[in-house]
Amino acid sequence: MRIDILTLLPATFTGVFDESILGAARRNGLIDIRIHPFRPYGEGRHRTVDDTPFGGGPGMVLKPGPLAAALADLRKDGPPAPVIGLTPQGHVFDQTMARELARLPRVILVCGRYEGFDERILPEFDLQISIGDYVLTGGEFPAMVVVDALSRMIPGTVGDPDSVREDSFFDGTLDHPQYTRPAIWQERAIPAVLRDGHHSRIADWRRGEALWRTVAHRPDLFRQLALSSRDRALLQDALANHSQSIPDKGA
Ligand SMILES: C[S@@+](CC[C@H](N)C(=O)[O-])C[C@H]1O[C@@H](n2cnc3c(N)ncnc32)[C@H](O)[C@@H]1O
């Protein structure tokens, strides 16, 4: 998959995509990430990309012309790709979006700065993505978040595909608790079921715990789950362990 990122601050990305899973995926040709500064498309001798807001007010606004010119050049090179503007006013990014984007051969991400984009560039965007209800100084960190999350969804990027399937949000639940050695740490022992080597009992316990955590921490996600009768039984066991009863899904 190819990912093009338009930014005013290309150096921000230095090193971020070179390490660990993303670095290996790039070296193995699974992801091709290209960073494009759009300052060279700025206007005049100073390559101006921003100006004061019409109507007054604080800060500067990204001019539409330089971004449109940069996008036109990018579209000429490579397969067609949706243009995704990063903005706190976009659809809130989630695992489903990451999975859908990872199926595409290419995406173009546009990082804003200052007070954001001139409204007239928005028709150039096929999608606007926010990474959450808070405002950052620029779209570079949001772009890194989107690239990291969608890269994990590209088959082959993460060595063991089970690791991705068991992650939080993949099937709508949060992940089950994880433990590693030592089995007893500061008088805190791991759950006994994890020591008996009985794979189906471990799988049942993990599923029950994942459902319990989802009820307890993210009732909004829990309400969207279609529970099987086995799920309900496993959740009942987990709730009993945690001394609670199944909440009403409609609550
Ligand atoms: C300071 S913000 C502009 C905020 C804008 N005035 C508003 O209130 O909607 C500058 C740039 O940071 C990026 N940005 C900030 N927060 C973001 C978020 N939560 N998700 C995605 N991008 C964000 C966007 O690219 C935005 O254009």
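The name an unreviewed UniProt entry gives the protein chain is tRNA (guanine-N(1)-)-methyltransferase, with Candidatus Ozemobacter sibiricus as the organism. Heading Function (unreviewed entry) of the UniProt record for the protein chain holds this comment: "Specifically methylates guanosine-37 in various tRNAs." Recorded in UniProt under Catalytic activity (unreviewed entry), the annotation for the protein chain is "guanosine(37) in tRNA + S-adenosyl-L-methionine = N(1)-methylguanosine(37) in tRNA + S-adenosyl-L-homocysteine + H(+)".

(A) The arrangement of the UniProt feature "binding site: S-adenosyl-L-methionine" (unreviewed entry) in the protein chain in detail. If you check UniProt for "binding site: S-adenosyl-L-methionine" (unreviewed entry), the listed places come out as G112, I131, G132, D133, Y134, V135 and L136 in our numbering. If you trace the backbone, G132 turns up in the loop between β7 (127-130) and α4 (140-152). On the neighbour-count criterion, G132 (11 C-beta atoms within 10 Å) is exposed. Residue position: D133 is located in the loop between β7 and α4.

(B) Up close: the UniProt feature "domain: tRNA methyltransferase TRMD/TRM10-type" (unreviewed entry) in the protein chain. The feature "domain: tRNA methyltransferase TRMD/TRM10-type" (unreviewed entry), as annotated in UniProt, sits at residues 1-224 in this numbering. The span residues 1-224 shows a helical share of 31% and a strand share of 18%, and its end C-alpha atoms are spaced 31 Å apart.

(C) Structural view of the domain arrangement of the protein chain. Along its sequence, the protein chain is carved into domain 1 (2-152) and domain 2 (166-251). Here the C-alpha centre of domain 2 lies 37 Å away from the C-alpha centre of domain 1.

(D) Representation of the site of the ligand in the model. Inspection of the region around the ligand gives 20 residues, with P88, G112, G116, G139 and P142 positioned closest. For the shell around the ligand, the leading source of residues is strand β5 (residues 83-92), giving 4 residues. Taken together, the residues of the shell around the ligand sort by class into 9 nonpolar, 9 polar and 2 charged.

(E) Quick peek at unusual backbone geometry. At the junction of R181 and P182, the peptide bond is cis and its omega measures out at 5° in the coordinates. For P182, the position within the fold is in the loop between α5 (161-165) and β8 (184-185). One non-glycine residue, R47, lies in positive phi territory at about 50°. With respect to the secondary-structure elements, R47 resides in the loop between β2 (32-37) and β3 (50-51). In the Ramachandran plot, E187 falls in the positive-phi region, its phi being about 65° despite a non-glycine side chain.

Conventions adopted
Residues numbered from 1 in each chain as written. Predicted model: local features only at pLDDT ≥ 70, side-chain atom pairs only at ≥ 80, totals over all residues. UniProt positions renumbered as here; feature names shortened; annotations may be inferred. Helix = DSSP H or I, 4+ residues; strand = E, 2+ residues; numbered from the N terminus. Buried ≥ 20, exposed ≤ 12 C-beta atoms within 10 Å, placed from the backbone. Domains from an automatic or database assignment. Near = placed C-beta within 6 Å. Nonpolar A, V, L, I, M, F, W, Y, C, P; charged D, E, K, R; others polar.

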